[in-house]
Amino acid sequence: MEKHEKRASRFDFLPLKKLKLRTDFNEFYLATVRDGLYNSSGTSVVLDRKASSAHIGSETNTVALYEYSKVWKFGTGFGHLFAGEYLKEAKVAYGYTYPYVMLLGNF
């Protein structure tokens, strides 16, 4: 299992003292076209040995983060992965949308 490459851009906006809005744009690439995508347990979920592109896809991610105290932060976000050439060639060219909520503690 080889590491993939990630390129990113980020924009932060603070409309209120304790509220931060963040938008990220990421590009994901495999280390080589011979590699694949793996889940958190290390099992291959997408493997295309005939792929000509290592571009997995482009992701947008927007999150609102509220600082409740110096220890606790709450957030909610929404992201979408747009399939790149690697996923299209592997015939899994669908995008993936994911909403989420989070609780962060700084101890």
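Criteria and thresholds
Residues numbered from 1 in each chain as written. Predicted model: local features only at pLDDT ≥ 70, side-chain atom pairs only at ≥ 80, totals over all residues. Heavy atoms only, no water. Helix = DSSP H or I, 4+ residues; strand = E, 2+ residues; numbered from the N terminus. Polar contact = N/O pair within 3.5 Å; in protein donor to acceptor, adjacent residues only side chain to side chain. Salt bridge = Lys/Arg side-chain N within 4 Å of Asp/Glu carboxyl O. Buried < 20%, exposed > 50% of the residue type's maximum accessible area, 1.4 Å probe, protein only.

Draft legend 1. The arrangement of the side chain of Ser58 in detail. Checked against the element boundaries, Ser58 lands in strand β5 (residues 55–67). Within the structure, Ser58 has its side chain in polar contact with the side chain of Glu27 (distance 2.9 Å).

Draft legend 2. Fine view of the pattern of salt bridges. In total, this model carries 2 salt bridges according to the counting rule given. For Asp24, the salt bridge goes to Arg10, with nearest N and O atoms at 2.9 Å. Here Asp24, found in strand β2 (residues 19–29), pairs with Arg10, found in strand β1 (residues 5–16); they are 14 residues apart in sequence, far enough to count as distant. For Asp24, a relative accessible area of 11% corresponds to the buried category. Between Arg22 and Asp12 there is a salt bridge, and its shortest N-O distance comes to 2.7 Å. Taken together, the residues span a long stretch of sequence, with Arg22 in strand β2 and Asp12 in strand β1 at a distance of 10 residues.

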